[in-house]
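One-letter residues, chain by chain:
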Amino acid sequence: MKVILLGEYPPLVEEELKRFHLTYEKVKTEALSNLSKEVEAILVGDGVCLPDCFFEASHQVKVIASIKEGADNINLKQATRVGLPVLAPNQGLAYSIADFIFMRILNLARLYAYQGSPFELKGKKIGILGWNETAAQLAIRAKAFGMKIAVCATRLREGHASLYQATLEDKIELFATSDFVVVLLPYGERSGNILNKDIFRLMRPEASLLYFTDLRLVNFDDMVRGVSWGDYHHLAIDFSRADERYYHQVKDLPHVLATVAEAGNTKEAELATVKEIVKDLARSLLGERVKSAINVPRLPLNTQREHYSEFFTFLGELSSARFQALPKRIELIYEGNMSIKLDEILLAHDYFLGLAKGLGDSSINHINSRLWAEERGVELAFFKGDSHGAESFVLRLFHQGKIYEIAARMLGEHWQILGWDDYHFIAEPTRHLLILPHSNRPGIVGKVGSLLGERKINIGGMVLGHSPSDYNRAMMWIRLDSAPSGDLMDAFREMPEILEATYIYSECAKGMENHVRHQTDKRR
């Protein structure tokens, strides 16, 4: 496996590449248009950007990595569109920045104590605007001190927030009720207006603002006037080298703790950053999911969550293969006592991946599936029901003015399909699936079985479904041992009793079939 190095980088990079037995070559950006087949990764250093023309060229690159936090030297949207993971350091640097921010919180707590006001962090509220690895590490430290944690971030879901014992709040509530407001929002995730006097005036007079992100997200004069006029008590801010001129404007002001590029500026952070990014680069080339991939669903997978991932990909395959087109809107209603917290972003990626597979698009993966669906105008909305008990889902599809439904539940450790539109039955996901709604007359099942037998296709299992509202219709859910030919499907559609004929092949259902067999063998 060969890695291309672009730009400037610490000497430790080459040592770490050798340690993981990765060959490398230092090149200029002009050489990217003619990469050899041995090149599987690119590591982009300081002082250079990966040109957009790279994404249009033919190559065998599997991973792109940046030595810079946030990877602002790589076009993230272009990389996501072509399904390439982008790695950027977050943990090594995040630990150091989180330590620095919490040191500032402790400094501010001492200032309150010096002024004769008893101050204890336990029970105080920290509000974090934005979510990244630094925010996660800061939440861990705040939790250790018994602080209440609130987060405002568009890409954070309740399930993920609960892992840090954090609650989700809107921006107004966060600023109005927090003792410490920490701004970590990445510039690339900005939305709406910049932070200005209107938001600072909501803060409590005894609260503190800690600003550790791009100055383009704030009206700087409003932020400084806010602390000078008593809208809030203290401002702690760490300027980048590029913004050092602002440091000289505020460094001598009362109630302002200002520094220049001190957060994360430690030797330990630099070493940890290099080791993290090279290690994750090597793991990613082996097909593993890594935390430093910034354009991949971030929630770590455990065994149980993998069952959800496989099943939602299967649901996506069912949805698009049925119509051979994309439904414009999908609603998913989930109910019951969830044994894990449902993470909607992760499941959306899985479902959209299934949609692409159902249409035979092999260029889509977990990285670009959500962007692929959004660019085609597909909407997916999640709704939580009120009932308790077994975990169950209803997937509602809106296609060409009609509404279709697929119902399912988790029983023990495996999934069951409970309904297809208004047909009720109990079946399990299967790799070779034949679905035949039909007129409910004698002999139809026999005709279907004979037709399959003539083509030497074995029926591995069959479930019959019925419509409570119309007993003149029924449906066969058939598990086949092999795929039917195109002319066989045409033969089914020509049968006057068959209302619809759909064949779906699902590779991810193979894993679910194996899991069910494994559980059965254990019971035996």
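Details of the structure are given in the entry above.
Conventions we followed
Residues numbered from 1 in each chain as written. Predicted model: local features only at pLDDT ≥ 70, side-chain atom pairs only at ≥ 80, totals over all residues. Heavy atoms only, no water. Axes fitted to C-alpha atoms, helices over the stretch in contact; angles between N-to-C directions. Helix = DSSP H or I, 4+ residues; strand = E, 2+ residues; numbered from the N terminus. Parallel < 35°, antiparallel > 145°, perpendicular 65-115°, else oblique. Left-handed = near helix turned anticlockwise from the far one by under 90°. Contact = heavy atoms within 4.5 Å. Phe/Tyr/Trp six-rings, centres within 6.5 Å; stacked < 30°, edge-to-face > 60°. Pairing = 2+ DSSP bridges. Buried < 20%, exposed > 50% of the residue type's maximum accessible area, 1.4 Å probe, protein only. Patch = residues over 30% accessible without salt bridge, like charges linked within 9 Å, V, L, I, M, F, W, Y side chains within 5 Å. Areas by Shrake-Rupley, 256 points an atom, 1.4 Å probe, with all protein chains shown as cover. Salt bridge = Lys/Arg side-chain N within 4 Å of Asp/Glu carboxyl O.

Novice: Looking at this model, I keep getting lost on the packing of helix 14 (residues 444-454) against helix 15 (residues 486-494). Mind explaining?
Specialist: Each pair of packed helices gets described by two things: the angle between the helix axes and the distance between those axes. As a packed pair, helix 14 and helix 15 sit with axes 11 Å apart at the nearest point and diverge in direction by 160 degrees. One element, helix 14, and the other, helix 15, form an angle in the roughly antiparallel class. Handedness of the crossing formed by helix 14 with helix 15: right-handed. For the pair helix 14 and helix 15, contact is made by Val448, Leu451 and Leu452 and by Leu488, Ala491 and Phe492, respectively.

Novice: When you look at the packing of aromatic side chains in this model, what are you seeing that I'm missing?
Specialist: Where two aromatic rings form a pair, the distance of their centres and the angle of their planes describe that pair. Counting across every chain of the model gives 19 aromatic pairs. Plain terms: the ring middles of Phe100 and Phe212 are 6.1 Å apart, the flat faces sit at 70 degrees to each other, and that makes the pair edge-to-face. Here Phe212 lies in the loop between strand 10 (208-211) and helix 8 (220-228) and Phe100 lies in helix 3 (residues 91-114), a separation of 112 residues in the sequence. With a centroid separation of 5.3 Å and an interplanar angle of 85 degrees, the aromatic rings of Phe312 and Phe393 are classed as edge-to-face.

Novice: Please clarify how the sheet that holds strand 10 should be interpreted in this entry.
Specialist: Strand pairing in a sheet relies on backbone hydrogen bonds. The paired strands run either parallel or antiparallel. Reading across the sheet, the seven strands line up as 8-7-6-9-10-11-12 and stay open at both edges, with parallel pairing between neighbours. Two strands bound the open sheet, and with one partner strand each, they are strand 8 (166-168) and strand 12 (256-260). The sheet shows a mean angle of 15 degrees between the axes of neighbouring strands, direction not considered. When strand 9 (residues 180-183) meets strand 10, the two strands line up parallel, connected through four bridges. Considered in strand 10, the bridge of Phe180 is made with Ser208. Here helix 4 (residues 133-144) sits on the sheet and contacts strand 6 (125-129), strand 7 (148-152) and strand 9; the angle it forms with strand 6, its principal contact strand, is near 175 degrees.

Novice: Sorry, what's going on with the sheet that holds strand 1 (residues 2-6) here?
Specialist: With parallel pairing, five strands are arranged side by side in an open sheet as 2-1-3-4-5. The two strands at the open ends of the sheet, each matched to only one other strand, are strand 2 (23-26) and strand 5 (86-87). Pairing analysis gives five bridges linking strand 1 to strand 3 (residues 39-44), with the strands arranged parallel. Each residue of the ladder has a partner; that of Lys2, found in strand 3, is Val39.

Novice: How should unusual backbone geometry be read in this particular structure?
Specialist: A negative phi holds for most residues other than glycine; trans holds for most peptide bonds. Unlike most non-glycine residues, Ala261 shows phi in positive territory, near 50 degrees. Within the element layout of this structure, Ala261 appears in the loop between strand 12 and helix 10 (267-285). Despite not being glycine, Gln324 has its phi angle at roughly 55 degrees, a positive value. By the secondary structure assignment, Gln324 is in the loop between helix 11 (303-323) and strand 13 (329-335).

Novice: I'm lost on the side chain of Thr134 in this one. Help?
Specialist: Locating Thr134 in the fold gives a position in helix 4. Residue Thr134 is classed as buried on the basis of its relative accessible area, which comes to 3%. Ignoring any residue separated from it by four or fewer positions in sequence, one finds Thr134 in contact with Glu69, Ala94, Ile97, Ala98, Ile101 and Leu184.

Novice: Which parts of the structure should I look at to understand a nonpolar patch on the surface?
Specialist: Residues Val445, Met462 and Leu464 make up a contiguous nonpolar surface patch of about 220 Å² in total accessible area. Its location among the elements puts Leu464 in strand 20 (residues 459-467).

Novice: Just to check I follow, could you spell out the environment of Ala88 for this structure?
Specialist: In this structure, Ala88 sits in the loop between strand 5 and helix 3. Judged by its relative accessible area of 1%, Ala88 is buried. Along the backbone, Ala88 and Lys68 are 20 residues apart, and their C-alpha atoms lie at a distance of 6.3 Å. When neighbours within four sequence positions are excluded, Ala88 is seen to be in contact with Ser66, Lys68, Gly70, Ala71, Ile277, Ser292 and Ile294.

Novice: Help me out: how do you make sense of the pattern of salt bridges in this one?
Specialist: Counted according to the given criterion, the structure contains 27 salt bridges. A salt bridge links Arg216 to Asp214, with the nearest nitrogen and oxygen atoms 2.8 Å apart.

Worth remembering: the numbers are spatial, not functional.
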